[in-house]
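# Notes for the structure review
Spelled out from the first residue to the last, the chains are:
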Amino acid sequence: MEKWNTSCIEPLTRKTAIVTGGTDGIGLEVARELARNGAEVIICADDVQKGEKALLDLRKSLQGAQISFERLDLADLESVSEFCRRIKMDHEHLHILVNNGGLAAVPEHLESKQGYELMFAVNYLSHFAITAQLFSLLEATPDSRVIFQSGLEHHQGVIDFYDLNASHLYDSTKSYAQSKLAMLLFAKELDRRICETHLQIKSISVHPGGSRTNIFSKGPSLSKKMIRPYDLMKMFLVYSFGQSAAMGALPTLFAATSPDAISGHFYGPDGFQEMRGYPTEVEPAIQGKNMQAAEKLWEVSEALTGLEFKLADFSNVLPFQMRGNIQPEGWRPGI
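Residues numbered from 1 in each chain as written. Predicted model: local features only at pLDDT ≥ 70, side-chain atom pairs only at ≥ 80, totals over all residues. Heavy atoms only, no water.

### Regarding the packing of helix α5 (residues 172–197) against helix α9 (residues 291–305)
Cut-off, in case you're wondering: Lines are fitted to the C-alpha atoms to define the axes, a helix being fitted only along its stretch in contact, and any angle between axes, read from their N-to-C directions, falls within 0 to 180 degrees. Secondary structure is summarised from DSSP: a helix means a run of H or I of at least four residues, a strand means a run of E of at least two, and numbering begins at the N terminus for each. Note that the term roughly parallel is reserved for angles under 35 degrees, roughly antiparallel for angles over 145, roughly perpendicular for angles of 65 to 115, and oblique for everything else. The contact criterion used throughout is that any non-hydrogen atoms of two residues lie within 4.5 Å. Residues are grouped as follows: Ala, Val, Leu, Ile, Met, Phe, Trp, Tyr, Cys and Pro are nonpolar; Asp, Glu, Lys and Arg are charged; every other residue, Gly included, is polar.
Packing of α5 against α9 brings their axes to within 9 Å, and their N-to-C directions diverge by 90°. By the angle class used here, α5 and α9 are roughly perpendicular. The residues of α9 that touch α5, namely those facing Ala182, Leu185, Phe186, Lys188, Glu189, Leu190, Arg192 and Arg193, are Met291, Ala293, Ala294, Glu295, Leu297 and Trp298. Taken together, the residues that form the contact of α5 with α9 break down as 9 nonpolar, no polar and 5 charged.

This is the structure in C-alpha cells:
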C-alpha cells in the first residue's frame, strides 16, 4: 500500500457522517477532513461548550462546510437513545458512522449512569448501542461504513465475562485494554453477520498508534495526584515519541473513505511497533480473532443495553441484472 494521506480522499458530497468524540483530538481531525471533502458531518460529545468551540473552529477553517453538533453523553445509555432518536427523525440515510469517542486512565472504579464500569461503558457499550439503533439508516444507505476505534492496548486486553464491570478488582490499564479489545471484536462480529446477510455495509476497526491527544485527561475525578506512575510514564512516551492527532486520524479516515478499505480488516500506522506512520493493514492480537468471544460479547451487549440488534437478511435475494437490450416482459422506463 502506498503512503495514503488526506489528499487521496475522494469527494464526499451528499454523504452524511457521524463522529462521536468529534470535538477534539482524533475525532476533530476526522470531522475536519470529512467536512473538507464535502460530507455533512455531525460531531457529538457531552460537553456543549466544547462542541460550540469545535464548531466555530471548523466553520472558520472550512468556509461553507456542513457541520453540526449534537449532545451525546456516552456514559448514559438514555442519552445515547435520545441522540439516536433525534438522528433518525432528521435523517433517512447514514453513510459513515465513526465510533471514536472514549476516555482512558480512569484511576478509580467509576460507573456509568446505568452502573457499568465507566471505560467499558463509554468506549465500547455505548457504541454498540449507537450502532444497533442507527443500523436501519446504514442498511438504507448503499455502501455505508461503520468504523470502530480500537487501540494498541487491545494486545493486553481480555474480555472478563465473569466481571465485565471490574467490581472485584479494578485496574485502569486492564479495563481500558478490555474496552479496546471489545471494539475490535464487535467490528469482527458485525462484519461476520453482515457477510451472512449480504448487506452492502463495511465494518472496519482501526487504531491510531501513539497519538498526542487529551484522552488521558478526560473524564470525571481525574486529578493528577490519582494517576499512577505507569500512567504518567505512558503519557510521557506518547507525548515524546507519538504522532500528531492529524496523523493518528489517518487510519480512521482511510477506513471511512478509501475504496481499498476492506470490511472486517484492521488498520493502523505502518511505522515501528505501529506507533506512528501512514495507514496500513495490521494484525490484531490473537484474542482479537476469537470469534466465540466476539459472539458471546454481542449477546452480552444486547442484554446489558436492552437492545435486540437484528440485521436485515438479503442472503436469499438475487440481484436482477439486465444484459444488452434484453428487458423483462412488461418493462418500461420508470418501473
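From this point, the discussion proceeds with the structure in view.
### What about the nonpolar core?
Under the convention used in this document: Side-chain atoms within 4.5 Å link the members of a nonpolar core, which is a set of buried Ala, Val, Leu, Ile, Met, Phe, Trp, Tyr and Cys residues. A 1.4 Å probe rolled over the protein chains alone gives each residue an accessible area, and that area as a share of the maximum for its type sets the label: buried under 20%, exposed over 50%, partly exposed in between.
Ile18, Tyr124, Leu134, Phe135, Leu190 and Phe309 are the most contacted members of the largest nonpolar core, which has 56 residues in total. If you list the elements that add at least two residues to this core, you get β2 (40–45), α3 (77–90), α4 (118–139), β5 (144–149), α5 and α9. For this core, the element with the most residues is α4, which contributes 15 residues. Those residues within four positions of isoleucine 18 in sequence are excluded, and the remaining contacts are Ile42, Cys44, Phe83, Ile87, Leu94, Ile96, Leu97, Val98 and Leu134. Formed by 35 residues, the second largest nonpolar core is a distinct cluster that contains Val30, Ala35, Ala54 and Leu250.

### Looking at helix α1 (residues 25–36)
Here is the rule: In this scheme, a helix's expected span is set at 1.5 Å multiplied by one less than its residue total.
In a regular helix each residue adds 1.5 Å, so 12 residues correspond to 16 Å; α1 covers 17 Å between its end C-alpha atoms and thus fits that length. Turning to α1, its buried residues are Ile26, Gly27, Leu28, Glu29, Val30, Ala31, Arg32, Glu33, Leu34 and Ala35. Glycine 38 occupies a position one or two residues after α1 and carries a positive phi of about 105°.

### Brief notes about the pattern of salt bridges
Put simply, the rule is: Definition used for salt bridges: Asp or Glu carboxyl oxygen within 4 Å of a side-chain nitrogen of Lys or Arg.
Taken as a whole, this structure holds 14 salt bridges when the rule is applied. One salt bridge connects arginine 193 with glutamate 189, and the closest N-O pair in it is separated by 2.7 Å. One end of the pair is arginine 193 and the other is glutamate 189, both in helix α5 and 4 residues apart, which spans about a single turn. Between lysine 289 and glutamate 283 there is a salt bridge, with the nearest N and O atoms lying 2.3 Å from each other.

### Digging into the packing of aromatic side chains
In plain terms, the rule: Classification of ring pairs rests on two measures: the distance between centres of Phe, Tyr or Trp rings, Trp counted by its six-membered ring, which must be within 6.5 Å, and the angle between planes, read as stacked under 30 degrees, edge-to-face over 60 and tilted in between.
All told, the structure shown has 13 aromatic pairs when counted by the stated rule. With a centroid separation of 5.4 Å and an interplanar angle of 50°, the aromatic rings of phenylalanine 120 and tyrosine 124 are classed as tilted. Remark: tyrosine 124 and phenylalanine 120 occur in helix α4; sequence separation between them is 4 residues, near one turn of the helix. One exposure class covers both phenylalanine 120 and tyrosine 124, and it is buried.

### Considerations on the pairing of β5
Counted only if it meets this: Strand pairing is defined by DSSP finding a minimum of two bridges between the two strands. By convention a crossover is right-handed if, when the strands point away from the viewer, the path from the first strand over the helix to the second runs clockwise.
With 6 of 6 residues buried, β5 is to be regarded as a mostly interior element. The alternating pattern of β5 places Ser144, Val146 and Phe148 and Arg145, Ile147 and Gln149 on opposite faces, both of which are buried. Summarising the sheet, strand β4 (residues 96–99) and β5 pair through 4 bridges and their orientation is parallel. Pairing of valine 98 across the sheet is with isoleucine 147, part of β5. In terms of handedness, the path from β4 via α4 over to β5 forms a crossover that is right-handed. Pairing geometry for β5 and strand β6 (residues 201–206), over 6 bridges, is parallel.

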